[in-house]
Amino acid sequence: LFRCHQNTRLQSSTYLNMADIYLHQHALEKARQHVAQTLSLADKAGFTSISIEGRVLLSRILAQKGQFRESEAILEEVQKKWSPNMDQRKLVTDAGIELYRRHGDYQKALALSLQMAAIKDTLQKLANKKHMDLLEVSFQTSQREAQITMLQQQNKWKTVLMYFGGGAMLLCILVIVI
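For every chain, the first residue of the written sequence is number 1, and numbering continues from 1 along that sequence. For a predicted model such as this one, the threshold for reporting local features is a pLDDT of at least 70, and the threshold for listing and counting side-chain atom pairs is 80 or more; totals across whole chains, interfaces and linings nevertheless cover every residue. For the side-chain quantities, the full set of heavy atoms in the structure was used; hydrogens and water were omitted.

> Would you mind going over the overall build of the protein with me for this structure?
Strands are runs of DSSP state E lasting at least 2 residues, helices are runs of H or I lasting at least 4, and numbering of each runs from the N terminus. Counting secondary structure elements, the protein contains 6 helices and 0 strands. Ordered by position from the N terminus, the helices and strands of the protein form the series α-α-α-α-α-α. Only C-alpha atoms enter the radius of gyration; for comparison, a globular chain is expected to reach 2.2 Å times N to the power 0.38, where N is the number of residues. Rg of the C-alpha trace for the protein: 32 Å, well past the compact-globule value of 16 Å for 178 residues, more than 25% over. By its C-alpha atoms, the protein is 110 × 45 × 30 Å across when sized along the principal axes. Buried residues are those whose accessible area, probed at 1.4 Å on protein chains only, stays under 20% of the maximum for their type, while exposed residues exceed 50% and partly exposed ones sit between those limits. Within the protein, buried positions represent 26% of all 178 residues. Put simply, 57% of the contacts in the protein that link residues at least 6 apart link residues at least 24 apart. To be clear on the numbers: accessible area is Shrake-Rupley with a 1.4 Å probe, and residue cover counts the displayed protein chains and nothing else. Carbon and sulfur atoms make up 59% of the accessible area of the protein, which amounts to about 12,700 Å² in all. For the protein, the centre of its 23 positive side-chain charges and the centre of its 16 negative side-chain charges are spaced 5 Å apart. We call two residues in contact whenever any of their non-hydrogen atoms come within 4.5 Å of each other. Note that His is not counted, nor are the chain ends; the positive residues are Lys and Arg, and the negative ones are Asp and Glu. For charged residues, the charge sits on one atom: NZ in Lys, CZ in Arg, CG in Asp, CD in Glu.

Now the structure itself:
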């Protein structure tokens, strides 16, 4: 079951990548067919991220074909139905900017560009926080390792002193006995 699930994910990703290649080559009908195959597989298997990316790609294809309302409707559907994460929202917003520029609606393109800037700022803040958290963990780990090393050294010295003290005591007893 896992292998089948993995194969379906690979297949749907492959179709999505092929669709993207066809889009860049302006082979829009082939791109649309590959997106349809992607969505068929991804939706059935519940691969949300691939489904979102497929819909965004379909929106881009429709925008290039001049089908602006259909393209816009798909982007709105993704935002309402799928609750995309920040990276996916960036993808959807970028597609929206491209759509409105093509359509000549520069006010909406500008509004989305401002949203894109906010999304990028948020993603950068999240990346910075993650980096700082990793540095903090690394620092704390090195401090604990240094503390462990110091305690191990102290235990070695205590052991040496204990043996030395025990040896000295035996020597004293031997001197007294002799």
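Back to the write-up after that little detour.
> Even after reading the chapter, I still don't get the pattern of salt bridges, so can you show me in this structure?
Oppositely charged side chains can form a pair if their charged atoms are brought close together. A side-chain nitrogen of Lys or Arg and a carboxyl oxygen of Asp or Glu constitute a salt bridge if their distance falls within 4 Å. According to the stated counting rule, one finds 9 salt bridges in the structure shown. Between Glu29 and Lys65 there is a salt bridge; the shortest N-O distance is 3.3 Å. Of this pair, Glu29 sits in helix α2 (residues 28-45) while Lys65 sits in the loop between α3 (48-64) and α4 (68-81), and the two are 36 residues apart along the sequence. For Glu29, a relative accessible area of 37% corresponds to the partly exposed category. Here Lys65 falls in the partly exposed class, since its relative accessible area comes to 35%. Between Asp94 and Arg60 there is a salt bridge, with the nearest N and O atoms lying 3.0 Å from each other. Placement of the pair is Asp94 in helix α5 (residues 86-103) and Arg60 in helix α3, with a sequence separation of 34 residues. Given the relative accessible area of 35%, Asp94 is considered partly exposed. On the basis of relative accessibility, which here comes to 16%, the residue Arg60 falls in the buried class.

> How do you make sense of the packing of aromatic side chains when you look at a structure like this?
The description of an aromatic ring pair rests on the distance of the ring centres and on the angle between the ring planes. For this analysis, a ring pair means two rings from Phe, Tyr or Trp (six-membered ring only for Trp) whose centres lie within 6.5 Å, classed as stacked if their planes differ by under 30 degrees, edge-to-face if by over 60, and tilted for the remaining angles. Counted under the stated rule, the structure contains 0 aromatic pairs. A cation sits over an aromatic face here: Arg9 above Phe47, 4.1 Å from the ring centre. Placement of a positive charge over a ring is assigned whenever Lys NZ or Arg CZ falls within 6 Å of the ring centre and within 35 degrees of the normal to the ring plane.

> Sorry, what's going on with unusual backbone geometry here?
Excluding glycine, most residues fall at negative phi; most peptide bonds, likewise, are trans. Even without being glycine, His26 reaches a positive phi, approximately 65°. One can find His26 in the loop between α1 (2-24) and α2.

> Help me out: how do you make sense of a nonpolar patch on the surface in this one?
What makes a patch is a set of residues exposed beyond 30% relative accessible area and free of salt bridges, joined within 9 Å when like-charged and within 5 Å when nonpolar (Val, Leu, Ile, Met, Phe, Trp, Tyr). The grouping of Met169, Leu170, Ile173, Leu174, Ile176, Val177 and Ile178 at the surface amounts to a nonpolar patch, some 850 Å² of accessible area in total. Structurally, Ile173 is set in helix α6 (residues 106-177). Residue classification places Ile173 among the partly exposed residues on the basis of a relative accessible area of 49%.

> Got a minute to help me understand the packing of α3 against α5 in this structure?
Each pair of packed helices gets described by two things: the angle between the helix axes and the distance between those axes. Between the N-to-C directions of two axes lies an angle of 0 to 180 degrees, each axis being a line fitted to C-alpha atoms and, for a helix, fitted only over the stretch in contact. Running from N to C, α3 and α5 cross one another at 5°; their axes reach a closest spacing of 10 Å. It follows from the interaxial angle that α3 and α5 lie roughly parallel. Here α3 contributes Ser49, Ile52, Glu53, Val56, Arg60, Ala63 and Gln64 to the contact with α5, which in turn contributes Gln88, Leu91, Val92, Asp94, Ala95, Glu98, Leu99 and Arg102. Residue polarity is assigned by list, with Asp, Glu, Lys and Arg as charged and Ala, Val, Leu, Ile, Met, Phe, Trp, Tyr, Cys and Pro as nonpolar; anything else, Gly included, falls into the polar class. Across the contact of α3 with α5, the residue classes break down as 7 nonpolar, 3 polar and 5 charged. Each angle is binned into one of four classes, with values under 35 degrees roughly parallel, values over 145 roughly antiparallel, values of 65 to 115 roughly perpendicular, and all other values oblique.

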